[in-house]
Amino acid sequence: MAIDVSVFFLSNITDTCAIWNVLSSRRLFRVALSSGVVFACTRVVIYECLHKHRKTVSETDRELQARLRAAQAAAEVSVYPVELDDLQAIALLENRKRLGKGELSTIAFAIKTRQVVLTDDQKARKLAMIVMSKAAQTTPHLFGWLFFGNRLTDPDKDEVISEHKVMNRPLTDHLEIAYIEACRCRLMSRGGENSIG
Amino acid sequence: MPLDRKMFVNKLDRYMVQLQVNIQDIAAGTGISIDRITSILTCASDPTGDEVLIFADYFHCDFKFFISNEKLAPFEQTESLFRRYSHNLTREDRWAIQEFLFLCECQEFLLSELTGRLKNRFIFQKNGTFYKGHGEAAAEALRSHLGYDSNEIPKNVYEVFSKIGIHVFRRLLGRSNISGVFIRHPIAGPCVLVNYNEDIFRQRFTACHEAGHALLDEREDFVVSFAKWDNTDLSEIRANTFASRFLMPPEVLRSVRVDWSETIFLDYATRLMVNAEPLAYALLDLKIINKNQVVAFKKLKIPAKVKNDPELPSSLAPRIRQRKQELLHRGLSDAYVGLCFDAYERGIISASRLAEMLLIVEMELLDIAALYGRHLSHGD
């Protein structure tokens, strides 16, 4: 799916996969926050990230969990409850066996608050579009938008990707593509930038 | 649709009893505070949407089950099962059964999405009251339904039963005296759990035995089979006869024209992939050998080296073999994992749902995808 790096919705309801990707790079997370990007998630996502039983917990899991706890404590990631009524939208009920519970709650909350879902799973994005009118955003899209607006600079690219890789996250190729796209668009527009808050 | 608070609390309460967990356990496993759970359980407040989703995930059930009157979970079945066998089933066994039923429900959904309505379902109509005869006739009818030659031996019985609409999963149960469990799921239909603790040949026989219950005990919601079974129970005799005749058809046993020596006996047991005892009794039943031979033959041991798990061939690298065995212990067979990834690749389920169906968290997905040579599609 082609992304428009010149536009990025600032308020994001983040699913489990995307929250790990955003937190995987301290540089990316800090610059996103200082650029006005707002990250929120539901309590189900917090359950999946921090409380759900897992057979093994790796060092990178522990590190990312510590970062999420710190971000939550500093109100850099806000956590919101989803009401039961929000879950009972017919389209959500019909797709409850296709989406994870974190995604169901994320979409329900995004529909209610008319905000955008931040998800890095292509299949989830396509399924989300069945039940909500707004397209979802991705971490590489955020990364590209930050470059397009000169909030991230060229030396940051390698640092962000390196931090992302150290945390065993899977978006390296997509981040590279988003960076190239941002450079191309920046050249074309000569530094123009846009954001939708 | 307003929440029926009492119905919700009643279900939550009964799940806690069934799975032997208390408020502290749930709080530790979900991150929901003890005060909040207490408030919900005492009907002092309604659960939020998040809490319903988290409870559903914790108890491995469809969240709609908690908020509707629809029979979406085998709730009554497990309640009766756990009550009847309260002394035989440990807390770990109960959770294993709950996870197994979740896998069956997922498999039913995935198969219906990927392959459409099952066309090869097998239904057997019993005649008369001769239980053993039911087992013989059902095995013969199923072999015919599957288009088997008279001397054909089913290789992968798990695949065979899946084709006719019975969900079969193998997984490790804490108590080794349980061989298998059959449960009729309101959504998934007949479900069979085979104890992975038993040897490979025994697992194969147990799968057939439980499938016999699924096909022939249509009024039963569940059956638990123990390693030492009651040989006066007609239903057990019938299921055993079904398994015996399905795996060891009389045509094959009668085709042996030489005297049954120990060498021939062991050779046939290996080829039929059955242990010595069931083969000895199958031969006695057909009057091919006598009781003295049964006593001698059933003591014979099939060499462990020939009892290879088809899912763990010796060609696998040690680390991969160990990892796959860990997954098999939880019921995650190659076939099931493959089905989940097929559904993901075709856009039927998201990666997060894929993780739920594989009983893992999102972070563990990359490892399993690599193990099975699959690919996850991440965002651009």
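Residues numbered from 1 in each chain as written. Chains lettered and ligands numbered in written order. Predicted model: local features only at pLDDT ≥ 70, side-chain atom pairs only at ≥ 80, totals over all residues. Heavy atoms only, no water.

Draft legend 1. Up close: the nonpolar core. All names here are of chain B. Judged by nonpolar contacts, the single largest core of 101 residues is most densely connected at Phe59, Phe66, Leu81 and Leu358. No other element matches helix 7 (residues 91-115), which puts 12 residues into this core. Ignoring anything within four residues of it in the chain, the contact list for Phe59 reads Leu12, Tyr15, Met16, Leu19, Val21, Ile26, Phe66, Trp95 and Gln98. Grouped together as the second largest cluster of nonpolar side chains are 52 residues, Val160, Ile166, Leu253 and Leu283 included. (Core = buried A, V, L, I, M, F, W, Y, C linked by side-chain atoms within 4.5 Å. Buried < 20%, exposed > 50% of the residue type's maximum accessible area, 1.4 Å probe, protein only. Helix = DSSP H or I, 4+ residues; strand = E, 2+ residues; numbered from the N terminus. Contact = heavy atoms within 4.5 Å.)

Draft legend 2. Broad picture of the interface of chain B and chain A. The interface of chain B with chain A comprises 49 residues on the first partner and 49 residues on the second. When chain B packs against chain A, close to 4,400 Å² is buried across both sides, 55% of that on carbon and sulfur atoms. Applying the counting criterion to the chain B and chain A interface returns eight salt bridges. Of the charged contacts in the structure, one is a salt bridge between Glu362 of chain B and Arg169 of chain A, with a shortest N-O distance of 3.0 Å. In this assembly, chain B and chain A are joined by 18 residue pairs in polar contact (both at pLDDT 80 or more). (Buried area = accessible area lost by both parts, 1.4 Å probe. Salt bridge = Lys/Arg side-chain N within 4 Å of Asp/Glu carboxyl O. Polar contact = N/O pair within 3.5 Å; in protein donor to acceptor, adjacent residues only side chain to side chain.)

Draft legend 3. Highlighting unusual backbone geometry. Although it is not a glycine, Arg114 of chain A adopts a positive phi angle of roughly 55 degrees. Relative to the elements of secondary structure, Arg114 of chain A occurs in the loop between helix 7 (101-113) and strand 4 (116-118). Even without glycine at this site, Met273 of chain B takes up a positive phi of about 60 degrees. Along the chain, the position of Met273 of chain B falls in the loop between helix 13 (262-272) and helix 14 (276-285).

Draft legend 4. Local environment of the pattern of salt bridges. Inspection of every chain in the model, using the stated rule, returns 43 salt bridges over all chains. Of the charged contacts, one joins Lys101 of chain A and Asp57 of chain B as a salt bridge, the two residues approaching to 3.8 Å between their closest N and O atoms. Of the two residues, Lys101 of chain A sits in helix 7 while Asp57 of chain B sits in helix 4 (residues 49-58), which places them in two different chains. With respect to burial, Lys101 of chain A and Asp57 of chain B carry one shared label: buried. Note that Glu70 of chain B is salt-bridged to Lys64 of chain B, the shortest N-O span being 3.1 Å. Here the salt bridges do not stand alone but share partners, grouping Lys52 and Lys101 of chain A together with Asp57, Arg353 and Glu356 of chain B into one network.

Draft legend 5. Broad picture of the sheet that holds strand 2 (residues 178-185) of chain B. All names here are of chain B. Spatially, 1-3-2-4 is the arrangement adopted by the four strands of the open sheet, whose pairing is mixed. If you trace the sheet from one side to the other, it starts and ends with strand 1 (167-171) and strand 4 (222-226), each paired once. Direction aside, the axes of adjacent strands within the sheet are offset by 15 degrees on average. Here six bridges tie strand 2 to strand 3 (residues 189-195), and the two strands are oriented antiparallel to one another. Across the sheet, residue His185 finds its bridge partner in strand 3, namely Gly189. Helix 10 (residues 200-216) rests against strand 1, strand 2, strand 3 and strand 4 of the sheet, and its axis sits at about 35 degrees to strand 2. (Pairing = 2+ DSSP bridges. Axes fitted to C-alpha atoms, helices over the stretch in contact; angles between N-to-C directions.)

Draft legend 6. Highlighting the pairing of strand 3 of chain B. Residues and elements named next belong to chain B. The element strand 3 is extensively covered by neighbouring structure, given that seven of its seven residues are classed as buried. Bridge count between strand 1 and strand 3: five bridges; the pairing is parallel. Across the sheet, His167 pairs through a bridge with Cys191, a residue of strand 3. In this antiparallel pair of consecutive strands, strand 2 and strand 3, the connection spans three residues.

Draft legend 7. A look at helix 3 (residues 43-51) of chain A. Helix 3 of chain A sits mainly inside the fold: seven of its nine residues count as buried. Those residues of helix 3 of chain A that fall on the buried side of the exposure criterion are Val44, Val45, Ile46, Tyr47, Glu48, Cys49 and Leu50 of chain A.

Draft legend 8. Examining the packing of helix 3 of chain A against helix 7 of chain A more closely. All names here are of chain A. Close contact between helix 3 and helix 7 brings their axes to 8 Å; oriented N to C, the two are set at 155 degrees. Taken together, the axes of helix 3 and helix 7 lie roughly antiparallel to each other. In terms of crossing hand, the pair formed by helix 3 and helix 7 is left-handed. Note on element contacts: helix 7 touches helix 3 through Lys101, Gly102, Ser105 and Thr106, opposite Val44, Val45 and Glu48. Here the contact of helix 3 with helix 7 is composed, by residue class, of two nonpolar, three polar and two charged. (Parallel < 35°, antiparallel > 145°, perpendicular 65-115°, else oblique. Left-handed = near helix turned anticlockwise from the far one by under 90°. Nonpolar A, V, L, I, M, F, W, Y, C, P; charged D, E, K, R; others polar.)

Draft legend 9. Structural context of the side chain of Thr16 of chain A. Within the secondary structure, Thr16 of chain A is located in helix 1 (residues 16-24). Setting aside residues up to four positions removed in sequence, Thr16 of chain A forms contacts with Val45, Glu48 and Cys49 of chain A.

Draft legend 10. Main features of the domain arrangement of chain B. Residues and elements named next belong to chain B. If you check the domain split of chain B, you get domain 1 (5-72), domain 2 (74-247), domain 3 (248-307) and domain 4 (318-371). Listed as interface residues are 19 residues of domain 2 and, on the opposing side, 19 residues of domain 3. Between domain 2 and domain 3, a total of about 1,400 Å² is buried, with carbon and sulfur atoms accounting for 62% of that surface. Of all residues in domain 2, the largest losses of buried area upon contact with domain 3 belong to Ile153, Phe201 and Arg245, amounting jointly to 43% of the total for that side. Here domain 2 and domain 3 share three salt bridges between them. Among the salt bridges present, the one from Lys132 reaches Asp285, with a minimum N-O distance of 2.6 Å. (Domains from an automatic or database assignment.)

Draft legend 11. View of the confidence of the model for chain B. For chain B, the mean per-residue pLDDT works out to 92, and 99% of the residues sit at or above 70. Reported confidence for the predicted complex is 0.92 by ipTM and 0.93 by pTM. (pLDDT = per-residue confidence, 0-100.)

Draft legend 12. Structural context of the packing of aromatic side chains. All names here are of chain B. In total, this model carries 25 aromatic pairs over all chains according to the counting rule given. Pairing Tyr148 with Phe246 gives two aromatic rings, centres 6.1 Å apart and planes at 25 degrees, and the pair type is stacked. Residue Tyr148 is located in the loop between helix 8 (131-145) and helix 9 (157-163), and its partner Phe246 is located in helix 11 (residues 234-247); the two are separated by 98 residues in the primary sequence. For the pair Tyr148 and Phe246, a shared accessibility class is recorded, and that class is buried. Feature note: the residues Phe8, Tyr15, Phe55, Tyr58, Phe59, Phe65, Phe66, Phe75 and Trp95 constitute an aromatic cluster, connected by ring pairs. Just above the ring of Tyr268 sits the side chain of Arg271; from NZ or CZ to the centre is 4.6 Å. (Phe/Tyr/Trp six-rings, centres within 6.5 Å; stacked < 30°, edge-to-face > 60°. Lys NZ or Arg CZ within 6 Å of the ring centre and 35° of its normal.)

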